[in-house]
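# Topology and contacts: notes
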Amino acid sequence: MMERSTIQRSLPALAISILIAGTLFLAFVEIGFGENKVDSEDAVANRYIANGTTETGSSNLVTSVVVNYRGFDTLGEVTVLFLAATGVGAMINLLPEDGKKRSKGPKPSLIMTQGGMLAIPVIALFGTYVFLHGHLSPGGGFQGGVIIATAFLLYLIAKPDAKTSHRTLSLSESLAGLSFIGIGLIGLAVSGIFLDNVIEGFGVLGELVSGGLLPLIYIAIGIKVGSEMSGLVEKMRGDAS
Amino acid sequence: MIAINEIIGMVLMAIGLLFQVLGAFGLIRLPDVYNRLQAATKSITLGAISIAIGVGVAEPTLLPKALIVAFFLLLTNPIISHGIARAAYRSGVPLWKGSVIDQYEKALERSGKGGDPQ
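Right, let's talk about the interface of chain B and chain A for a bit. At the interface, 10 residues of chain B touch 12 residues of chain A. There are two residue pairs in polar contact (both at pLDDT 80 or more) connecting chain B and chain A. Per-class residue counts for the side of chain B that touches chain A are four nonpolar, three polar and three charged.

Residue and element names in this part refer to chain A. Examined against the element boundaries, phenylalanine 194 turns out to sit in the loop between helix 8 (166–191) and helix 9 (214–237). With 131 residues separating them along the chain, phenylalanine 194 and threonine 63 place their C-alpha atoms 17 Å apart. Excluding anything up to four places from it in sequence, phenylalanine 194 contacts Phe72, Leu75, Ile181, Gly184, Leu185 and Leu188.

On to helix 2 (residues 44–56) of chain A, then. Residues and elements named next belong to chain A. End to end, helix 2 covers just 15 Å across 13 residues, shorter than the expected 18 Å (1.5 Å per residue, more than 12% under). Maximum bend of helix 2: about 50°, positioned at alanine 50. Burial in helix 2 covers these residues: Tyr48, Gly52 and Thr56. Contacts from the buried residues of helix 2 go to helix 3 (61–69) and helix 9. Remark: glycine 57 follows helix 2 within two positions and exhibits a positive phi of approximately 75°.

Residues and elements named next belong to chain B. On average, residues of chain B carry a pLDDT of 87, and 93% of them reach 70 or more. Within chain B, the lowest mean pLDDT, 81, falls on helix 4 (residues 103–110), and the highest, 93, falls on helix 1 (residues 4–29). With pTM at 0.77, the complex prediction returns an ipTM value of 0.75.

It is worth spelling out the packing of aromatic side chains at this point. Each aromatic ring pair is characterised by the separation of its centres together with the angle its planes make. One pass over the full model with this rule turns up six aromatic pairs over all chains. Seen from their ring centres, phenylalanine 126 of chain A and tyrosine 129 of chain A are 6.4 Å apart, and the 15° between their planes marks the pair as stacked. Of this pair, phenylalanine 126 of chain A and tyrosine 129 of chain A both sit in helix 6 (residues 110–132), three residues apart, roughly one helical turn. By relative accessible area, which is 46% here, phenylalanine 126 of chain A ends up partly exposed. In this structure tyrosine 129 of chain A comes out as partly exposed when scored by relative accessible area, which is 42%. Chaining the aromatic ring pairs together yields one cluster made of Tyr34, Tyr89 and Tyr104 of chain B.

What counts, and where the lines are drawn
- Residues numbered from 1 in each chain as written.
- Chains lettered and ligands numbered in written order.
- Predicted model: local features only at pLDDT ≥ 70, side-chain atom pairs only at ≥ 80, totals over all residues.
- Heavy atoms only, no water.
- Contact = heavy atoms within 4.5 Å.
- Polar contact = N/O pair within 3.5 Å; in protein donor to acceptor, adjacent residues only side chain to side chain.
- Nonpolar A, V, L, I, M, F, W, Y, C, P; charged D, E, K, R; others polar.
- Helix = DSSP H or I, 4+ residues; strand = E, 2+ residues; numbered from the N terminus.
- Expected span 1.5 Å × (residues − 1).
- Bend = angle between axes of the 7 residues up to and from the residue.
- Buried < 20%, exposed > 50% of the residue type's maximum accessible area, 1.4 Å probe, protein only.
- pLDDT = per-residue confidence, 0-100.
- Phe/Tyr/Trp six-rings, centres within 6.5 Å; stacked < 30°, edge-to-face > 60°.

Below is the structure:
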């Protein structure tokens, strides 16, 4: 009896598995993994490599793709990050009261506090550097923002009782998000394309002031990601009790 | 003919690599958190700094950057390892059964329970 019912249940599952596997196979068999797609004439990657620097004014091709050619996707990414951070915050808020309370641990040692205070400004400066030079060197808004959030985390480790303003964090996050959309709307107003880089020829290629609107977008993303991640870290610390 | 500074740089990088590999072995082979931190701190810090200095010596234009990297490794790695070890001890991670000495426990007792010896 036992075996029979197991087989009866297994057969439909097997059929569904084969159906799904077959559908996926049919869907992906056309892609041709391992083929050389870059050498073909109409490959989009070639267009980016050939025209990326002249069309966007950014000497970092990854940035020209992320912020210019695929700028709208990046807006989606920022939204996904925002939703993820909001979801984690909501989950922490749903915890029962005693789960939220911070256990009073021992004070951090002198080494931790002093060493942390020495390192924090440098880390924050480095994060700012990374998102300011996003159009020139590896890195960008997301990476710089996360580096700034690590400085904030180190601050909370070095001084667990420090007062932090959640309002300021959400305010700077919202303003940065708004300015991202505002920069997009400038493009919509001037040339009719959302997030269009309307002053792309501005500045000299390879210098700090170049790339048109790209650095501004990366600054907005950097501030947004930095304050978002810092807010997340602050939520995880729990309420002072 | 290879320049003398390149040879010195290569030797420094080789020493650093050796210490990195030993540190990685230590992370896997040593028995508890505190022993592993020994491997992760001392060996890895020396290895990384040696590689950074080696790069700077072999390629003198990179020397300032390499020195900055070395300085921050020297600043951050020991502090964070200290923090991890202290947090592990305070939250009750046991020492390996073959450990022979626990000076931190005595220091805690001297300064009163829960106090902070500094």
